[in-house]
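A closer look at the structure
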Amino acid sequence: MSELTVGARYAKSLIDLAQEQNLVDVVKADMNLFIHTLKANPELKAVLSNPVIAQVKKTKILDEVFLNKVNKVTISFFKLMVDKGRGEVLYATANEYINLYNIKKHITKATVTSASPLSAANEKVIIAEVEKAVGGTVELTAKVDSALIGGFVLTVGSTQMDTSVLGSLKKLQKEFAGTAA
């Protein structure tokens, strides 16, 4: 079974438990902290994923790093996964928990890439339009890519809207290449 599939099953169990205990938002914050910590410390991620390292050591490391920083449900869950020999799927489980949380709370992630930084007013307009289209809350990530020349590329899920000058130029290039043949 793939790491993602196993992670999704554990994440579903965790979100159900968190919901029973009214801790869905708290555990989400814990998962964000966990993901951020593992991204900042790839060695920690490697240790948790390594089957050669004893589960007792992994549990001790989790205690040292997270014990006073996360909810007791979260640290107990981490330890349970390590005890079950599933330390390698902790990262995938944390990501899947956040995905399930976003689905449950009707949160859609969107990315806008523009040639220059967007103003706060422009970001608000984009968020409002996407929220109207998807019917939920939108978490917008703004990126800058000067190669776009002008305009922007908006990505929501698997849908992409390209209003950039670069995109228009590429489209024209394809049209001219098609008529020249």
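No experiment lies behind these values; they were computed from the predicted model shown. (Residues numbered from 1 in each chain as written. Predicted model: local features only at pLDDT ≥ 70, side-chain atom pairs only at ≥ 80, totals over all residues. Heavy atoms only, no water.)

**Remarks on helix α4 (residues 55-66)**
For α4, built from twelve residues, the straight-helix expectation of 16 Å at 1.5 Å per residue is met to within 8% by its first-to-last C-alpha distance of 16 Å. Buried within α4 are the following residues: Lys58, Thr59, Leu62 and Phe66. End-on, the buried residues of α4 take up no more than an arc of 100 degrees, which puts them together on one face. Set apart from the buried face of α4 by more than 90 degrees, the exposed residues are Val56, Lys57, Lys60 and Glu64. Where the residues of α4 are buried, they touch α2 (24-40), α3 (42-49), α5 (72-83) and α6 (90-104). (Helix = DSSP H or I, 4+ residues; strand = E, 2+ residues; numbered from the N terminus. Expected span 1.5 Å × (residues − 1). Buried < 20%, exposed > 50% of the residue type's maximum accessible area, 1.4 Å probe, protein only. Arc of directions from axis to C-beta. Contact = heavy atoms within 4.5 Å.)

**Comments concerning the packing of aromatic side chains**
Scanning the entire structure with this criterion turns up four aromatic pairs. Aromatic side chains tyrosine 10 and phenylalanine 77 sit 6.4 Å apart centroid to centroid with 70 degrees between the ring planes, which places their arrangement in the edge-to-face category. Taken together, the residues span a long stretch of sequence, with tyrosine 10 in helix α1 (residues 3-20) and phenylalanine 77 in helix α5 at a distance of 67 residues. For tyrosine 10, a relative accessible area of 23% translates into the label partly exposed. Ring geometry for phenylalanine 34 and phenylalanine 66: centres 5.4 Å apart, planes at 45 degrees, overall tilted. Of the two residues, phenylalanine 34 sits in helix α2 while phenylalanine 66 sits in helix α4, which places them 32 residues apart along the sequence. With respect to burial, phenylalanine 34 and phenylalanine 66 carry one shared label: buried. Aromatic rings pair up to connect Phe34, Phe66 and Phe78 into one cluster. (Phe/Tyr/Trp six-rings, centres within 6.5 Å; stacked < 30°, edge-to-face > 60°.)

**A short note on the packing of α3 against α4**
Where α3 contacts α4, the two axes come as close as 10 Å, and the packing angle between them is 145 degrees. Both α3 and α4 take part in a crossing whose hand is left-handed. Of the residues in α4, those touching α3 at Leu44, Val47, Leu48 and Ser49 are Lys58, Ile61, Leu62, Val65 and Phe66. Classifying every residue of the contact of α3 with α4 gives seven nonpolar, one polar and one charged. (Axes fitted to C-alpha atoms, helices over the stretch in contact; angles between N-to-C directions. Left-handed = near helix turned anticlockwise from the far one by under 90°. Nonpolar A, V, L, I, M, F, W, Y, C, P; charged D, E, K, R; others polar.)

**Topic: unusual backbone geometry**
A positive phi angle is found at histidine 106, which is not glycine, with a value near 55 degrees. Under the relative-accessibility criterion, histidine 106 is labelled exposed at 54%.

**Observations regarding the sheet that holds strand β1 (residues 107-114)**
Strand order in the open sheet made by the four strands is β2-β1-β3-β4, with mixed pairing throughout. Every other strand in the sheet has two partners, leaving β2 (137-144) and β4 (159-162) as the edge strands with one partner each. For this sheet, the mean inter-axis angle between neighbouring strands, taken without regard to orientation, is 15 degrees. (Pairing = 2+ DSSP bridges.)

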